[in-house]
Amino acid sequence: MMHDAKLHRFDLILTKEVSRFSRNILDTISYTRDLKALGIGIFFLNDGIHSLEPDAELRLSIMGSIAQEESRKTSARVKWGQTRRMEQGVVFGRSLLGYTVKNGEMTIHPEGANIVRLIYQKYVQERKGTTVIARELSEAGYKTLTGSTHWRNTVILKILRNEKYCGDLKQKKTITPDYLTHQKKYNHGEEDFVFLKDHHEPIIDRRLWEEAQREIARRDLDRNHHTGHGHRYPLSGKINCGACGRSFVSRSRKQRDGSRYRVWRCSTSISEGHQRFDQTGNIIGCNVGYQLRNEVAVSMILQSVHRLKFDQNLLLCDLTRIIRKAIQHTSDQNQSNYDQMQKKLKQLEEKKMSALDAYLEKIISQEEWMQITKEYEQRIAELNQTIAQATPSKKSPSETEICTKISEMILTKTLGDDFYGALLHQITVYPDRRAEVSLRYLPVKWIYQLTF
């Protein structure tokens, strides 16, 4: 419209009323002024306002404000109605792998459901990573929800974390906070989720789903669930193959006496007697031909650390400063969580009052108001109890206490695999049984010859 106006393709705009032109008062005034500067008027039929008249802007401001407020109320009513329908079990959203969503109901799609079960089996029972599962599904020709045979590890992780597969329904994961822009965003606690347990027929047994969540937590020590990379062990993702460049994966081996030990092997390595060949006769997979025992890897890191020449007092000061900063960060995070809970408590109180307003305006019945009020009061009581238990502690260890503890750990050499795993940047294992070790933030590398 504005493009045609600048080309002077029309002289007058006829519209029924202000609310049909725009429900945003700022847009109404802005576009009216722009059109007026071009000599084009707007005539609002029901309101009897002509934008070229002297008092038009004042009258438009009043009518536009009324239209904007009506839009706000309409948006509030729609969101209220959607929330009530969600609480009744109506599904808002699209179909997903294994489920078809139609008319607010979820039904199982058999072909997709079989793929979902296969993914959980590979991840939980076979202990395979998301990247390996994605590669195997792609090679087997399984199709994604969109019909593609290309699987990504992030898609696998989303399937593993989706509560719908065990029969639960969690809605309002995305929200529209601004009724004027209508832009959606992820709900990070700004609004309450609607959660219904045992809402529909599950594809995955609840115990299996819960085990998958525990497995995800174990593999991701940094709690970085968005990446999909596994970090179940301190050295995960830090041992690379010098032949093909892929990461080593952890495997458990059994000794003759029945005890078990852990080794690292290339994720694409070839086992003797299990070679695969492509059409040209070349072997598919890596032939680095060496498995690295976990204790050998840790020993190489330990030797590399001991070869470093450093000032022990300076090291203690630096470590103390870093740990002190980390403790302060944790304290700040706890305070932030506490403030968030206080904010949520205030929001629940406001929603409780909004329910009363909705009842007084006859938007909901007395029975609905009493039920909603009871739910909010219960949630407020539970949140108050959580807040009482999570009150931030004002006391934190002093620098002297931290320094003493670090000194004891270094002098007595009580540091575990987690510590040395954090120091490690990368170990590269080559076919000639050389191992190259590099530590974080250090430009030097250490070369070891693996003889066993």
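Everything in this summary refers to the structure shown in the same document. Only a predicted model underlies this, so the values are computations on that prediction, with no experimental measurement involved.

1. Topic: the overall build of the chain
When you go through the chain residue by residue, the secondary structure sums to 13 helices and 18 strands. Here the contacts in the chain between residues at least 6 apart in sequence split such that 58% fall between residues at least 24 apart.

2. Considering the sheet that holds strand E11 (residues 248-254)
As summarised here, the arrangement of the 3 strands in space is E11-E12-E15, forming an open sheet in which the pairing is antiparallel. Each end of this open sheet is capped by a strand with a single partner; those strands are E11 and strand E15 (292-293). Bridge count for strand E12 (residues 260-266) against E15 is 2 bridges, and the pairing is antiparallel. Bridging from a neighbouring strand, tryptophan 264 pairs with leucine 292 of E15.

3. A closer look at helix H8 (residues 206-219)
Relative to the 20 Å expected for 14 residues at 1.5 Å per residue, H8 spans 20 Å between its end C-alpha atoms, a close match to the ideal helical length. Along H8, the residues classified as buried are Leu208, Trp209, Ala212, Glu215, Ile216 and Arg219. One side of H8 carries all its buried residues, which in axial view fall inside an arc of 115°. Buried residues in H8 make contact with helix H5 (110-125) and helix H7 (153-161).

4. Some thoughts on the pairing of strand E18 (residues 445-449)
Burial of the side chains of E18 is restricted to one face: Trp446 and Tyr448 are buried, whereas none of Lys445, Ile447 and Gln449 on the reverse face is. Judged from the 5 bridges that link them, strand E17 (residues 434-439) and E18 form a sheet pairing that is antiparallel. Across the sheet, the residue bridging to glutamate 436 is isoleucine 447, located in E18.

5. Notes on H5
In this model, H5 (16 residues) spans 21 Å end to end at C-alpha, consistent with the 22 Å of a helix rising 1.5 Å per residue. Along H5, the positions that sit buried rather than exposed are Gly112, Ala113, Ile115, Val116, Leu118, Ile119, Tyr120, Lys122, Tyr123 and Val124. Of the surrounding secondary structure, the elements contacted by the buried residues of H5 are strand E5 (105-108), helix H6 (130-140), H7 and H8.

6. Notes on a nonpolar patch on the surface
On the surface, Leu12, Leu14 and Leu45 cluster together into a nonpolar patch covering about 300 Å² of accessible area. Turning to its location among the elements, leucine 45 is positioned in the loop between strand E2 (41-44) and strand E3 (49-50). Using a relative accessible area of 47% as the deciding quantity, one classes leucine 45 as partly exposed.

7. With respect to the environment of glutamine 171
By secondary structure assignment, the location of glutamine 171 is in strand E6 (residues 169-171). We classify glutamine 171 as buried; its relative accessible area is 4%. Separated by 78 residues in the primary sequence, glutamine 171 and glycine 93 have C-alpha atoms spaced 8.6 Å apart.

8. Brief notes about the packing of H5 against H8
H8 packs onto H5 with a crossing angle of 50° between their chain directions and a minimal axis gap of 10 Å. The orientation of H5 with respect to H8, classified from their angle, is oblique. The two elements H5 and H8 cross, and the hand of that crossing is left-handed. In this structure, H5 uses Tyr120, Tyr123, Val124 and Gln125 to contact H8, whose residues at the interface are Leu208, Trp209, Glu211, Ala212, Glu215, Ile216 and Arg219. A class-by-class count of the residues in the contact of H5 with H8 yields 7 nonpolar, 1 polar and 3 charged.

9. So, the nonpolar core
Of all hydrophobic cores here, the largest spans 31 residues; its most connected members are Ile119, Tyr120, Trp151 and Tyr165. In terms of residues, this core owes the most to one element, H5, which gives 8 residues. Look past the residues within four positions of tyrosine 120 in its chain and what remains in contact with it is Gln125, Ile159, Leu160, Arg161, Asn162, Tyr165, Ile204, Leu208, Trp209 and Ala212. Formed by 25 residues, the second largest nonpolar core is a distinct cluster that contains Leu235, Leu292, Ala297 and Ile427.

10. Quick look at the packing of H5 against H6
Packing of H5 against H6 brings their axes to within 10 Å, and their N-to-C directions diverge by 140°. The orientation of H5 relative to H6 falls into the category oblique. Crossing handedness for the pair H5 and H6: right-handed. Contact with H5, carried on its side by Leu118, Ile119, Lys122 and Tyr123, involves Thr130, Ile133, Glu136 and Leu137 of H6 and no other residues of that element. Residues of the contact of H5 with H6, tallied by class, amount to 5 nonpolar, 1 polar and 2 charged.

11. Quick word on the packing of aromatic side chains
Scanning the entire structure with this criterion turns up 1 aromatic pair. The interplanar angle of 25° and the centroid separation of 6.0 Å between the aromatic rings of tyrosine 99 and tyrosine 165 together place this pair among those described as stacked. Of this pair, tyrosine 99 sits in strand E4 (residues 99-102) while tyrosine 165 is found in the loop between H7 and E6, placing the two residues 66 residues apart along the sequence. Just as tyrosine 99 is buried, tyrosine 165 falls in that class too. Of note, lysine 170 hangs over the ring of phenylalanine 193, and the distance from its end group to the ring centre comes to 4.3 Å. Here the guanidinium or amino end of arginine 293 rests over the ring plane of tyrosine 261, the centre of that ring lying 3.9 Å away.

12. Considerations on the sheet that holds strand E1 (residues 12-15)
Taken in spatial order, the 3 strands make up an open sheet running E1-E2-E3, and their pairing is mixed. Whereas interior strands pair on both sides, the edge strands pair on one side only; in this sheet they are E1 and E3. As paired strands, E2 and E3 are joined by 2 bridges and run antiparallel to one another. In the strand pairing of E3, phenylalanine 43 is matched with histidine 50.

Conventions used here
- Residues numbered from 1 in each chain as written.
- Predicted model: local features only at pLDDT ≥ 70, side-chain atom pairs only at ≥ 80, totals over all residues.
- Heavy atoms only, no water.
- Helix = DSSP H or I, 4+ residues; strand = E, 2+ residues; numbered from the N terminus.
- Contact = heavy atoms within 4.5 Å.
- Pairing = 2+ DSSP bridges.
- Expected span 1.5 Å × (residues − 1).
- Buried < 20%, exposed > 50% of the residue type's maximum accessible area, 1.4 Å probe, protein only.
- Arc of directions from axis to C-beta.
- Patch = residues over 30% accessible without salt bridge, like charges linked within 9 Å, V, L, I, M, F, W, Y side chains within 5 Å.
- Areas by Shrake-Rupley, 256 points an atom, 1.4 Å probe, with all protein chains shown as cover.
- Salt bridge = Lys/Arg side-chain N within 4 Å of Asp/Glu carboxyl O.
- Axes fitted to C-alpha atoms, helices over the stretch in contact; angles between N-to-C directions.
- Parallel < 35°, antiparallel > 145°, perpendicular 65-115°, else oblique.
- Left-handed = near helix turned anticlockwise from the far one by under 90°.
- Nonpolar A, V, L, I, M, F, W, Y, C, P; charged D, E, K, R; others polar.
- Core = buried A, V, L, I, M, F, W, Y, C linked by side-chain atoms within 4.5 Å.
- Phe/Tyr/Trp six-rings, centres within 6.5 Å; stacked < 30°, edge-to-face > 60°.
- Lys NZ or Arg CZ within 6 Å of the ring centre and 35° of its normal.

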